[in-house]
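Remarks on the overall topology
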Amino acid sequence: MSVLQLDQVSRWYGNVVAVNGISMTVGPGVTGLLGPNGAGKSTVIHMMGGFLAPSSGTVALDDAPIWKNPAVYRHIGLVPERESAFDFLTGSQFVLSMAKLHKLPEPGAAAQRALAMVEMEQAKDRVIGTYSKGMKQRIKMASALVHDPSVLLLDEPFNGMDPRQRLQLMDLIRRMAAEGRTVLFSSHILEEVERLANQIEVIVAGRHAASGDFRAIRRLMTDRPHLFVVRSSDDRKLASAIIADGSARSVQLGEAGLRVEAVDFRRFTWLLPQVARKEGVRLLEVSPADESLESVFSYLVAS
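I will try to describe carefully the structure that is included in this document.

**Here's the deal with unusual backbone geometry**
- At glutamate 119, a position not held by glycine, the phi torsion is positive, near 55°.
- Here glutamate 119 is to be found in the loop between α3 (107-117) and α4 (133-145).

Structure below.
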């Protein structure tokens, strides 16, 4: 049972702060590292994997510092977001080279096991340069698993995968967690995290925004104020009815329709069709105006 610990970890590049004072503990099971692109997720993962030094704070595995501690690498498998395989090698050669670098007693057998785990046996003798994006992701996964690590760090592992490949990798991650491994994967896609992770760590603009189980984080996201653009057959009449109900913080009437800030998301989505029917107003369009991950996570930071 391995536990990763970050204590007030920061990382900056010159005057640019990529990660700012993050503390978290990641234990056995599946943990989702969630945040918009550019939030600092990759920087955090690289520090956890020992490939990047923290500018301040400490990153440890079972209380042992990770930076400049080669002994901990035996326990960590990393799948970076960027391509990290040599295109002129076959998949088998690449995974075998990783097994040899780890000085495994039977590198050939270990490589074959890792290839089988990611279902890449049929393509193992093809050069990596001919692989699809999804296949490259799977061969990177095999290289990370070849030494049977207790910790898996996966940076956007589902990028470029088709639906079948995504399901296969999700099943593999679940199996790894069921065996007692510590699995952390980053994503900017809420649905991926929802399907896999029982623990969520949210990072926004380099800061730790929220932590907890998925249901609690999802509830925070759902209960935040929501902006909607609403067009109807009588915007003025509909605006008056919405204001009278009190489920909206503000209603603005413009040429493009109504811009509604709903305080109670559930009540508003139930109320709107009821009000429209009662007032004899026909709804033409109802669309969210603030559903980007940046706006959702910014609300979490401010909460």
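**Regarding the sheet that holds strand β4 (residues 56-61)**
- Strand order across the open sheet formed by 4 strands is β2-β1-β4-β5, with antiparallel pairing between neighbours. With partners counted over all chains shown, the strands left at the sheet margins are β2 (16-26) and β5 (64-65), one partner each.
- In terms of strand pairing, β4 meets β5 through 2 bridges, oriented antiparallel. Paired with alanine 60 across the strands is proline 65, a residue of β5.

**Observations regarding helix α5 (residues 163-178)**
- Under the 1.5 Å per step criterion, the end-to-end length of α5 is 23 Å for 16 residues, consistent within 8% with the ideal 22 Å.
- Against β3 (29-34), α3, α4, β7 (151-155), β8 (182-187) and α6 (190-196) lie the buried residues of α5.
- Here α5 starts with a cap whose side-chain oxygen sits 3.1 Å from the backbone nitrogen of arginine 164, and that cap is aspartate 162.
- Just past α5, the residue glycine 180 takes up positive phi, approximately 95°.

**Observations concerning helix α1 (residues 41-48)**
- In terms of burial, α1 is largely enclosed, as 6 of its 8 residues are buried.
- Within α1, burial applies to Lys41, Thr43, Val44, Ile45, Met47 and Met48.

**Topic: the sheet that holds strand β6 (residues 76-79)**
- Strand order in the open sheet formed by 6 strands is β6-β7-β8-β3-β9-β10, with mixed pairing between adjacent strands. Each having just a single partner strand, β6 and β10 (207-212) make up the two edges of the open sheet. Recorded for the sheet is a direction-independent mean angle of 15° between the axes of neighbouring strands.
- Two elements, β3 and strand β9 (residues 199-204), share 4 bridges in a ladder whose sense is parallel. Bridging across to β9, glycine 32 finds its partner in isoleucine 200.
- Strands β6 and β7 of the sheet are contacted by α4, whose axis makes an angle of about 165° with β6.

**So, the environment of alanine 39**
- The topology assignment puts alanine 39 in the loop between β3 and α1.
- The sequence separation of alanine 39 and isoleucine 203 amounts to 164 residues, and the corresponding C-alpha distance is 6.1 Å.
- Apart from residues lying up to four places away in sequence, alanine 39 is in contact with Ala18, Ile203, Val204, Ala205 and Gly206.

**A look at empty space enclosed by the protein**
- One pass over the structure, following the stated rule, counts 1 cavity of 30 Å³ or more.
- The volume enclosed by the largest cavity comes to roughly 90 Å³.
- Along the walls of the largest cavity sit Met117, Val118, Glu119, Arg138, Gln165, Gln168, Leu169, Leu172 and Arg175, which together make up its complete lining.
- The biggest single contributor to the lining of the largest cavity is α5, with 5 residues.
- In terms of residue class, the lining of the largest cavity is built from 4 nonpolar, 2 polar and 3 charged.

What counts, and where the lines are drawn
Here the residue index of a chain counts from 1 through its sequence in written order. pLDDT decides what is reported in this predicted model: residues at 70 or higher carry local features, side-chain atom pairs at 80 or more are listed and counted, and totals for whole chains, interfaces and linings draw on all residues regardless. Excluding hydrogens and water, the side-chain figures rest on all heavy atoms present in the structure. In DSSP terms, a helix is any run of H or I states spanning at least four residues, a strand is any run of E spanning at least two, and both are numbered starting from the N terminus. Only when DSSP finds a minimum of two bridges between them are two strands counted as paired. Each residue after the first adds 1.5 Å to the expected span of a helix. Only heavy atoms enter the contact rule, under which two residues are in contact if any of them lie within 4.5 Å. We call two N or O atoms a polar contact when they sit within 3.5 Å, provided that within protein one can donate a hydrogen and the other can accept it, with sequence-adjacent residues counted only if both atoms are side-chain atoms. Note on classification: 1.4 Å probe, protein chains only; a residue is buried when its accessible area is under 20% of the maximum for its type, exposed when over 50%, partly exposed between these limits. Axis angles are defined between N-to-C directions and span 0 to 180 degrees, where every axis is a line fitted to C-alpha atoms and, for a helix, only to the segment in contact. Grid points spaced at 1 Å over the protein atoms alone were grouped into cavities, where a 1.4 Å probe fits but cannot get out, and pockets, open sets with protein on both sides within 12 Å along at least five of seven lines, with lining residues defined by an atom within 4 Å of a point. Grid points are joined across faces, edges and corners, and a volume is the space filled by probe spheres set on the points. Put simply, Ala, Val, Leu, Ile, Met, Phe, Trp, Tyr, Cys and Pro go in the nonpolar bin, Asp, Glu, Lys and Arg in the charged bin, and everything else, Gly too, in the polar bin.

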